[in-house]
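Spelled out from the first residue to the last, the chains are:
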Amino acid sequence: MAQWQEVSEKSKLHPKPVGLVLQYGTAGFRTNADHLDHVMFRMGLLATLRSINTKAIIGVMVTASHNPEEDNGVKLIDPMGEMLTPAWEVYATQLANAEQDHLITVLKDLVQKESIDLTNQEAEVFVGRDTRSSSARLSDAVLDGVTALDGRSKDYGLVTTPQLHYMVCCCNTRGGYGKASVEGYYSKLSQAFIQLTKSAPNRTDDQKCLLVDGANGIGALKLREMEPYLQGALKVSLFCDGTGGKLNHQCGADFVKVQQNSPKGIVMKAGERCCSFDGDADRIVYYYSDDHGRFHLLDGDKIATLISTFLKELLTKAGLDLKIAVVQTAYANGSSTRYLEDTMKSLSHFVIVRCAKTGVKHLHHVAQEFDIGVYFEANGHGTVLFSKAAEEKIQQLCDDSEGERQGAATLLKNSVDLINQTVGDAISDMLLIEAILAIKGMTVQQWDAIYTDLPNRQLKVKVSDRRVIDTKDAERKTVSPAGLQEAIDRLVERHQDGRSFVRPSGTEDVVRVYSEAATQESADALGHEVSLAVYRLAGGVGGEPKP
Ligand code: G16
């Protein structure tokens, strides 16, 4: 077929470094940007085939999110704005790793397995990119891949990852989810936010102020663009806005969460509400500094607690019997799980709690099982899903009820409109949190006081091949290498309220170690001891971890 000939010729312009092997990870491919040109071209091919296969628009986002500036990566978006389905992750890995002379065979294999008819088929791919210096040329490589298979493409240029997810969903629902443009996104979210905050009419200017760390990335650009749409309902002071500093360097949600400290150089007044986005604006964490200058972090667990409590209270007021669940990962602080499972129940705010593997794709999937699924990773990546039936019931109640019930139903309806249900979205999450705090008349300190986090620590260990670590039970236990879980169990026993697990990262070449315990000293010691066990039993490199 002439088409294969053309793909083969064009792919030579995007040569694969011989022998390079990459794995589709937690959120797509991710590595140093210099090694990704062929991957991008091939993901353009893959997205085109997926588009034919699903008869829908597919998205390709060029970003390495929280990773350093010199890395890059790609996230693939399925028709309803969700992450690429797992079966196709396997094809993506096969394509990315095929040597040049084997590429067409792998493509033909995929076409045959998925029974894709390439004759007279329409395909369309949306492409977006973050602010990394390598992103423009890498997104050109994606576009080349789409063209090679005669697909159509639309280049959205600089957008946040959640904005591209939103565009894909809007188009595939023929506008049902909203207007597929950045203006459509800004209008939809701003309107919902303005409506919600009307229920909190007496907010002072001080209460409307929020300090936002844009991680020197795309989130900063887009939030600045959005500000006029908010019509003063939120007063944002933006720092790390990309005008000076380096992307994700000593700033951003990942830095703040892992270091448990504020971004370098930020001046926070005591009690001031602050938040940080990550490099592609799909994660958010909040924090403040108290009267004694102590830093307080409100991570994804606190966010999930705030949102699920708010929704549960509204459901009760509206008299709606909808099943609400909170989905967490092994990283969820033990105190948060206890609060959700026990304290909320005792307050008659019963929610179901589930644990999924790391990666929003896993949490999203579990959250879909419920009428309302609130999912958040502790690192601040998450959103809320409403089933179609739940949305219809909420709408019906808005139309048919009156008084307090209608008031609650309207707040629920505006919340549905404010939430980006396709994927975790720092801007949408930020607005929802701000609206909830305003409506409940809550300060950041009062929110923080809902429960007290157990002290915890996250560490990284370098090993020669992180794939030697295999896990089970939503990553809470290791099954290999032999003896590692037993070692962790023995170490955990020595610490009051101790808990620890290890897992290979799917975005960086490291093994992640998590530990928590009754005191910070104990959590730190446990983290170090477990890191040493990983280093010794899983082929550590570069010297033993230091305390
Ligand atoms: C990605 C995923 C998240 C995950 C994070 C870290 O975030 O989307 O779900 O928690 O990586 O994953 P890992 O521990 O496997 O490296 P982002 O914001 O970097 O795209």
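Calculation rules
Residues numbered from 1 in each chain as written. Predicted model: local features only at pLDDT ≥ 70, side-chain atom pairs only at ≥ 80, totals over all residues. Core = buried A, V, L, I, M, F, W, Y, C linked by C-beta atoms within 7 Å. Buried ≥ 20, exposed ≤ 12 C-beta atoms within 10 Å, placed from the backbone. Helix = DSSP H or I, 4+ residues; strand = E, 2+ residues; numbered from the N terminus. Contact = placed C-beta atoms within 7 Å. pLDDT = per-residue confidence, 0-100. Pairing = 2+ DSSP bridges. Axes fitted to C-alpha atoms, helices over the stretch in contact; angles between N-to-C directions.

J.: I tried to follow the nonpolar core on my own but got confused; where do I start?
T.: Buried together is how nonpolar side chains tend to be arranged in soluble globular proteins. Ranked by internal contacts, the top residues of the largest apolar core, which has 136 residues, are Met 40, Met 43 and Ile 307. Take this core: its biggest share by element is 10 residues, from helix α15 (residues 426-440). Discounting chain neighbours no more than four positions away, the residues touching Ile 307 are Val 374, Val 384, Leu 432 and Ile 436. Ile 469, Ile 488, Val 502 and Tyr 514 belong to the second-largest nonpolar core, a separate cluster that totals 25 residues.

J.: What exactly am I supposed to notice about the confidence of the model for the chain here?
T.: Parts of the model with low pLDDT should not have their predicted coordinates read in detail. Per-residue confidence for the chain gives a mean pLDDT of 96; residues scoring 70 or more make up 100%. Across the interface, the model reports ipTM at 0.96; the global pTM reads 0.96.

J.: Sorry, what's going on with the pairing of strand β3 (residues 71-77) here?
T.: If a strand is regular, its side chains alternate between the two faces of the sheet. Among the 7 residues in β3, 7 count as buried, and that is most of the element. Residues Asp 71, Gly 73, Lys 75 and Ile 77 point to one face of β3 and Asn 72, Val 74 and Leu 76 to the other, with burial holding for every one of them. Across 4 bridges, the pairing between strand β1 (residues 29-32) and β3 is antiparallel. Paired with Phe 29 across the two strands is Val 74, which belongs to β3. As paired strands, strand β2 (residues 58-62) and β3 are joined by 4 bridges and run antiparallel to one another. Counterpart to Met 61 in the pairing with β3 is Lys 75.

J.: Just to check I follow, could you spell out the sheet that holds strand β10 (residues 295-298) for this structure?
T.: Two strands in a sheet stick together by hydrogen bonds in their backbones, pointing the same way (parallel) or opposite ways (antiparallel). Taken together, 5 strands build an open sheet; the order of strands is β7-β6-β8-β9-β10 and the sheet is mixed. If you trace the sheet from one side to the other, it starts and ends with β7 (235-239) and β10, each paired once. When the angles between neighbouring strand axes are averaged without regard to direction, this sheet yields 30°. In the sheet, strand β9 (residues 284-289) pairs with β10 via 4 bridges, with the strands oriented antiparallel. Considered in β10, the bridge of Ser 289 is made with Phe 295.

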